[in-house]
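For reference, the chains in residue letters:
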Amino acid sequence: MDTHQPYHEFFWKYFLTRKPPMATELGEDDEQHGGFDDETMRMLSANLPDKIFRAPDPRIQMAAMEAERTHQMTPVLKEELRLRILAKRLERGEPDIETSHTPKTYELTEEEKMKRERRKEQNRRAAKKCREKRKMRNLDVAEKFDILREENEKLNTEIDYRRKQREH
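Keep in mind that what you see is a predicted model, and the values were worked out from it rather than measured.

Draft legend 1. Spotlight on the overall build of the protein. When helices and strands are tallied, the protein shows 6 helices and 0 strands. Reading the protein from its N end, one meets helices and strands in the order α-α-α-α-α-α. Taken over 168 residues, the protein has a buried fraction of 21%. Across the protein, contacts joining residues at least 24 apart in sequence account for 59% of those joining residues at least 6 apart. Accessible area for the protein stands at about 14400 Å²; split by element, carbon and sulfur atoms hold 53% of it.

Draft legend 2. Representation of unusual backbone geometry. Residue His 71 is not a glycine yet carries a positive backbone phi of 60°. For His 71, the location among the structural elements is in the loop between helix H4 (58–70) and helix H5 (74–91).

Draft legend 3. Structural detail: the pattern of salt bridges. For the structure on display, the rule yields 11 salt bridges. Residue Glu 94 is joined to Arg 89 by a salt bridge in which the shortest nitrogen-to-oxygen separation is 3.1 Å. A relative accessible area of 29% places Glu 94 in the partly exposed class. The residue Glu 110 makes a salt bridge to Lys 113 at a minimum N-O spacing of 3.9 Å. Of the two residues, Glu 110 and Lys 113 are both situated in helix H6 (residues 110–167); the distance of 3 residues between them amounts to about one turn of the helix. With relative accessibility at 54%, the residue Glu 110 sits in the exposed group. Within this structure, Arg 89, Arg 92 and Glu 94 form a network of salt bridges that share partners.

Draft legend 4. Up close: H5. Here H5 spans 26 Å end to end across 18 residues, near enough to the 26 Å set by a 1.5 Å rise per residue. Among all positions in H5, only Pro 75, Val 76, Glu 79, Glu 80, Leu 83, Leu 86, Ala 87 and Arg 89 are buried. At the C-terminal side of H5, Gly 93 shows a positive phi close to 85°.

Draft legend 5. Just the confidence of the model for the protein, in detail. Overall, the prediction assigns the protein a mean pLDDT of 76, with 64% of residues at 70 or greater. Ranking the elements of the protein by mean pLDDT puts helix H2 (residues 28–32) last, at 46, and H6 first, at 96. The low-confidence segment residues 1–5 (pLDDT under 50) makes 9 contacts with residues lying over four places distant or belonging to another chain.

Draft legend 6. Examining the packing of H4 against H5 more closely. Put simply, H4 and H5 touch, their axes get as near as 8 Å, and they point 160° apart. Taken together, the axes of H4 and H5 are roughly antiparallel relative to one another. The hand of the H4/H5 crossing is left-handed. Facing Arg 59, Ile 60, Ala 63, Ala 64, Glu 66 and Ala 67 of H4, the residues of H5 in contact are Pro 75, Val 76, Glu 79, Glu 80, Arg 82 and Leu 83. Looking at side-chain class alone, the contact of H4 with H5 contains 7 nonpolar, no polar and 5 charged residues.

Conventions and cut-offs
The numbers attached to residues start from 1 for each chain and follow its sequence in the written order. pLDDT decides what is reported in this predicted model: residues at 70 or higher carry local features, side-chain atom pairs at 80 or more are listed and counted, and totals for whole chains, interfaces and linings draw on all residues regardless. Heavy atoms from the whole structure form the basis of all side-chain values; hydrogens and water molecules are not counted. Strands are runs of DSSP state E lasting at least two residues, helices are runs of H or I lasting at least four, and both sets are numbered from the N terminus onward. The buried label applies to any residue whose accessible area, calculated with a 1.4 Å probe on protein chains only, is under 20% of its type's maximum; exposed applies above 50%, and partly exposed to all values in between. Note on contacts: a residue pair is in contact if any heavy atoms of the two residues lie within 4.5 Å. Only the protein chains shown count as covering a residue, and every accessible area follows the Shrake-Rupley method with a 1.4 Å probe. Any Lys or Arg side-chain nitrogen found within 4 Å of a carboxyl oxygen on Asp or Glu counts as a salt bridge. Each helix should span, by expectation, one fewer than its residue count multiplied by 1.5 Å. For every residue, the predictor assigns a confidence score, pLDDT, that lies between 0 and 100. Angles run from 0 to 180 degrees between N-to-C directions of axes, and those axes are lines fitted to C-alpha atoms, restricted for helices to the stretch in contact. With respect to orientation, any angle under 35 degrees is reported as roughly parallel, any angle over 145 as roughly antiparallel, any angle of 65 to 115 as roughly perpendicular, and every other angle as oblique. Should the near helix be turned anticlockwise from the far one by less than a right angle, the crossing is termed left-handed; should it be turned clockwise, right-handed. Throughout, the ten residues Ala, Val, Leu, Ile, Met, Phe, Trp, Tyr, Cys and Pro are labelled nonpolar, Asp, Glu, Lys and Arg are labelled charged, and all others, Gly among them, are labelled polar.

Right under this line is the structure:
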């Protein structure tokens, strides 16, 4: 197997058919690799530049576990992209990008608040109009249904009358 093939090509083949190891089946080597065997560790670190990374990133291991759990490649692809960007930044001598998980909150200006309120009001009017149109359409359908049902009853009555006439 080519060790530089993209993750998404082998993860579906490997992780969808892989049976997760039981805790009693893990040896000492497996425990130090987060439950992954040597082949999996080789695949996890295959696309990582040798100069920068010596062992697979724990975030890629977590992404691999998430991909296995959800049967989606998105976590692995995101981590692979993150590591490629990091590798390019480090090769150029740029520092790692610090990420924080606390979102910054910004206060809206008066103009932005007014614009937001106008959009909300416009949305309320559009939603009310849509509900009214739906209600009218449903009333029209119900009215047509009643008319057709009455016509059907009249026709069935006429059919019964004609059958009785023919029998006599």
